[in-house]
Amino acid sequence: MRFSKRSDFLVSSPLYAFSKKVKEMEGRGVEVFSLGLGEPFYDTPEAIKKAGIEAIEKNQTHYNPAAGSMKLRQALAEKYQAEAANVAVSSGAKPILGAVFWSLLNEGDQVFLAAPFYPPFLQIIQSCGGQTILIDTKPSGFKMTVESLRSAFENSYQENPDFAGQKYLLVNSPNNPTGTVYDKNELKKIVEFCRENKITVISDECYNQFSAEKGFTLRGFSQDVIVINSLSKSHAMTGWRIGFVIAPKELVGVIEKFLENYLGCPCSISDAAALVALQTPALPDLTKQRQVIHAWLEKMQIPFASSEGGIFIFPDFADFMRSKKLKTSTELATYFLEKVQVATTPGISFGENYDTHLRLSYCLQGEKLREVLQKLEKAF
Ligand SMILES: Cc1ncc(COP(=O)(O)O)c(C=O)c1O
């Protein structure tokens, strides 16, 4: 059998390969303590669960429009001071990312992306024909600045002076995997720079309920920014699969065609529950957990850039790796898994320059987090 060239871009990320290893261990009956999870420890709030049950009882189990029920699109539009025609809903932020890039990208179009990055970003962009231009943020404490963007932009012209395609910037703040939250003023400058240089901004705001500036959206700076978000993390609804995009109407029109043909509507039961979720407060921020993990990393003298939002932190274990003669982040994660049964995520999953890092997810209950860190400490 022969497969499409575009499918070659979809490699199985080390992130998923490593979590398979963890699942296998659990399958053998080993208790694994996880700092690897990509979701909050909370369960879905009761009112949302009830709304799902009611939707089933009322037989709201039929097809909805492909971009979600009009009621849900309207409710989201109100939240973002937009119109329903600016909103499309699908089965999580992931298919929305796919729909957005499928709709926008032509062969060779450029997408600027801060590295380290959430692995599907790269694969979705490349399989849709886009070219990613990575901006390494490690030297600047995992923060892209308007200067680092400008320099990547100018380099891209030097390398390809005849480039006539479109340019995009994908922003992810609070960030997966680093926990970086971009400063508002810096973001404003970045959006202005993009407007001046005809770069379309796409903002993945999936973690925007987990930071001091709860609910902050880049759409506040410009209605041209394409905003992607979901209820997965904000309302502990990862399995319900509701994500959405707020975008100019013409783009939403193309996305709708994509959804009609590739995916169909988001689950009608989840759609009904999402309406209630929008009236339910988002989960509390994880300030306490951040304090616990920062204090632990300091105590262990592991270099890190502090996590100010989201649910992750991305410390650098280079010294520890040297002392144990471990060569890669996968070897390091395996070491912790085998020695003390603590699961983490290898840094290589988030870009090739990060093979001495691990992504630690701190979205555990306070005491549980302390307990897992104590276990990890034993491996030192
Ligand atoms: C940055 C980012 N965007 C999108 C997603 C996908 O979320 P969803 O569960 O809504 O598909 C995730 C999930 O981990 C994420 O970290």
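Residues numbered from 1 in each chain as written. Predicted model: local features only at pLDDT ≥ 70, side-chain atom pairs only at ≥ 80, totals over all residues. Heavy atoms only, no water.

Trainee: Is there a simple way to think about the site of the ligand in this case?
Mentor: Close contacts around the ligand come from 13 residues, with Ala93, Asp204, Tyr207, Lys233 and Arg241 the closest. At 2.8 Å, a side-chain N or O of serine 230 approaches an oxygen atom of the ligand. Contacts to the ligand include serine 232, whose side-chain N or O atom sits 2.8 Å from an oxygen atom. Burial of the ligand by the protein amounts to 93% of the accessible area it has alone, namely 400 Å². The set of elements that each furnish at least two residues to the shell around the ligand consists of helix 4 (93–104) and helix 8 (231–234). Looking at the shell around the ligand, its residues break down into four nonpolar, five polar and four charged. (Near = heavy atom within 4 Å. Polar contact = N/O pair within 3.5 Å; in protein donor to acceptor, adjacent residues only side chain to side chain. Areas by Shrake-Rupley, 256 points an atom, 1.4 Å probe, with all protein chains shown as cover. Helix = DSSP H or I, 4+ residues; strand = E, 2+ residues; numbered from the N terminus. Nonpolar A, V, L, I, M, F, W, Y, C, P; charged D, E, K, R; others polar.)

Trainee: Looking at this structure, I do not really get the domain arrangement of the protein chain. What am I missing?
Mentor: Note on interface size: it is often stated as the accessible area lost on association of the parts. If you check the domain split of the protein chain, you get domain 1 (6–43 + 284–378) and domain 2 (46–277). Counting residues at the interface gives 34 residues for domain 1 and 30 residues for domain 2. Both faces considered, domain 1 and domain 2 share a buried interface measuring about 2,500 Å² in area, 58% of it formed by carbon and sulfur atoms. Inspection of the region where domain 1 meets domain 2 yields two salt bridges. For lysine 143, the salt bridge goes to glutamate 308, with nearest N and O atoms at 3.7 Å. Within the residue set of the side of domain 1 that touches domain 2, elements represented by two or more residues are helix 1 (14–27) and strand 9 (312–313). (Domains from an automatic or database assignment. Contact = heavy atoms within 4.5 Å. Buried area = accessible area lost by both parts, 1.4 Å probe. Salt bridge = Lys/Arg side-chain N within 4 Å of Asp/Glu carboxyl O.)

Trainee: What is the right way to read the sheet that holds strand 7 (residues 226–230) from this model?
Mentor: What links the strands of a sheet is backbone hydrogen bonding, and the strands pair in either a parallel or an antiparallel sense. Within the open sheet, the seven strands sit side by side as 2-8-7-6-5-3-4. Their pairing is mixed. This sheet does not close on itself; its edge strands, each paired only once, are strand 2 (87–90) and strand 4 (131–136). Adjacent strand axes in the sheet meet at a mean angle of 20°, parallel and antiparallel pairs treated alike. Across six bridges, strand 5 (residues 167–172) lies against strand 6 (residues 199–204) in parallel orientation. Its bridge partner lying in strand 6, leucine 170 is registered against isoleucine 202. Against the sheet, helix 5 (residues 119–127) makes contact with strand 3 (110–115), strand 4, strand 5 and strand 6, and its axis sits at roughly 150° relative to strand 4, the strand it touches most. Packed on one face of the sheet, helix 7 (residues 184–196) meets strand 5 and strand 6 and runs near 145° to strand 6. (Pairing = 2+ DSSP bridges. Axes fitted to C-alpha atoms, helices over the stretch in contact; angles between N-to-C directions.)

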